Amino acid sequence: MDNRYTHMNQNLSDTAEIISGYSFRGAVPHDPQGSFRVVQVKDINEHGHIETARLSPIEDKGIKTDALLQKNDILLSIRGTGTSGMKVGMYTCTDNHTIATSSLYVLRIKDKTILPGYLLYYLRSFYGQHALKNMMSGATVRSILKKDLFALSIPTPPIKQQQLVVDTATNLIKQKQLLSQKIFFLNSLSDNIISIYT
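Right, let's walk through the structure included here. (Residues numbered from 1 in each chain as written. Predicted model: local features only at pLDDT ≥ 70, side-chain atom pairs only at ≥ 80, totals over all residues. Heavy atoms only, no water.)

## Description of the overall build of the protein
The helix and strand inventory of the protein stands at six helices and eleven strands. Taken along the three principal axes of its C-alpha coordinates, the protein extends 65 × 60 × 40 Å. A burial count over the protein gives 39% of its 198 residues as buried. Sequence-distant contacts in the protein: of pairs separated by 6 or more residues, those separated by 24 or more amount to 76%. Approximately 12000 Å² of the protein is accessible, and the part contributed by carbon and sulfur atoms is 55%. For the protein, the distance from the average position of its 22 positive side-chain charges to the average position of its 16 negative side-chain charges is 3 Å. (Helix = DSSP H or I, 4+ residues; strand = E, 2+ residues; numbered from the N terminus. Buried < 20%, exposed > 50% of the residue type's maximum accessible area, 1.4 Å probe, protein only. Contact = heavy atoms within 4.5 Å. Areas by Shrake-Rupley, 256 points an atom, 1.4 Å probe, with all protein chains shown as cover. Lys, Arg positive; Asp, Glu negative; His and termini not counted. Charge placed at Lys NZ, Arg CZ, Asp CG, Glu CD.)

Structure (structure tokens):
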């Protein structure tokens, strides 16, 4: 029998801790000399990477939170829309002085049967986004309640197949980035044809 596509489903709460981000009083208190950094939804790019160079520094003034990020934590936006869905990214740094804000859930893998990269790409996929959208509540800007997220069903194939998903998705992102660079170059060339030949 061909078992390439066999998998089981697990609830998200069985595979990961779900941690609420830290709630600041008002706007994030930017401090250029601060020793901590803050991740907000806007810092997750279209490929699910955290734009670490853009993170706002803050000073640690007795902040106590479970939302201090660890390497391979998955970040999921609490709010989204029916069309754009929910932003999802992965924190890949080893620096443990970075905090997620309350606009994000931190998903921290606790089960060795699932790879962080696989969970990232599943949640970013059409199927993952569809499942998340079905849990949203609200009108224009919709949100997901933590208690509902616990029950999110995650298809979990064997680790070898999960790694294939991660490798394939990573390669596709690289190809898309190269294509974007090529399109930018061609557009720039097209805009400057007159100046080149006159």
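Having seen the model, we can carry on.
## Quick word on the packing of helix α2 (residues 116-124) against helix α5 (residues 159-191)
Closest axis-to-axis distance for the α2/α5 pair is 9 Å, and the angle between their directions is 60 degrees. Here α2 is positioned oblique relative to α5, judged by the angle of their axes. Two packed elements cross with a definite hand, and for α2 against α5 that hand is left-handed. Only Q162, V165, V166, A169, T170 and I173 of α5 make contact with α2, whose side of the interface consists of G117, Y118 and Y121. Partitioned by chemical class, the residues of the contact of α2 with α5 number six nonpolar, three polar and no charged. (Axes fitted to C-alpha atoms, helices over the stretch in contact; angles between N-to-C directions. Parallel < 35°, antiparallel > 145°, perpendicular 65-115°, else oblique. Left-handed = near helix turned anticlockwise from the far one by under 90°. Nonpolar A, V, L, I, M, F, W, Y, C, P; charged D, E, K, R; others polar.)

## Side note on the packing of aromatic side chains
Inspection of the entire model under this criterion finds two aromatic pairs. Measuring from ring centre to ring centre gives 4.8 Å for Y22 and F24, while their planes differ by 80 degrees; the resulting arrangement is edge-to-face. With a centroid separation of 5.4 Å and 80 degrees between ring planes, the pair formed by F126 and Y127 is classed as edge-to-face. With respect to burial, F126 and Y127 carry one shared label: exposed. (Phe/Tyr/Trp six-rings, centres within 6.5 Å; stacked < 30°, edge-to-face > 60°.)

## With respect to the sheet that holds strand β4 (residues 56-58)
Across a sheet, paired strands are connected by hydrogen bonds in the backbone, their directions being either parallel or antiparallel. With mixed pairing, the three strands of this open sheet are ordered in space as β4-β3-β8. Either end of the sheet is taken by a strand with one partner, and the two such strands are β4 and β8 (98-100). For this sheet, the mean inter-axis angle between neighbouring strands, taken without regard to orientation, is 35 degrees. (Pairing = 2+ DSSP bridges.)

## Some remarks on a nonpolar patch on the surface
A surface patch of nonpolar side chains, about 290 Å² in accessible area, is lined by F185, L186 and L189. On the accessibility criterion, L189 (37% relative accessible area) is partly exposed. (Patch = residues over 30% accessible without salt bridge, like charges linked within 9 Å, V, L, I, M, F, W, Y side chains within 5 Å. Salt bridge = Lys/Arg side-chain N within 4 Å of Asp/Glu carboxyl O.)

## Re the pattern of salt bridges
A full pass over the atoms with the stated rule returns three salt bridges. The salt bridge involving R108 is made with D73; its shortest N-O contact spans 2.8 Å. A residue pair is termed long-range when its members are at least 10 positions apart, and R108 in strand β9 (residues 104-109) and D73 in strand β5 (residues 73-77) qualify at 35 residues. Across this residue pair, the class does not change: R108 and D73 are buried. Put simply, K147 and D148 hold a salt bridge, and the shortest N to O gap is 3.4 Å.

## Notes on the packing of α2 against helix α3 (residues 126-133)
Across the interface, α2 lies against α3 with an axial gap of 4 Å and an inter-helix angle of 65 degrees. When the axes of α2 and α3 are compared, the pair comes out roughly perpendicular. Residues Y122, L123 and R124 of α2 form the contact with α3, whose participating residues are F126, Y127, G128, Q129, A131 and L132. Classifying every residue of the contact of α2 with α3 gives six nonpolar, two polar and one charged.

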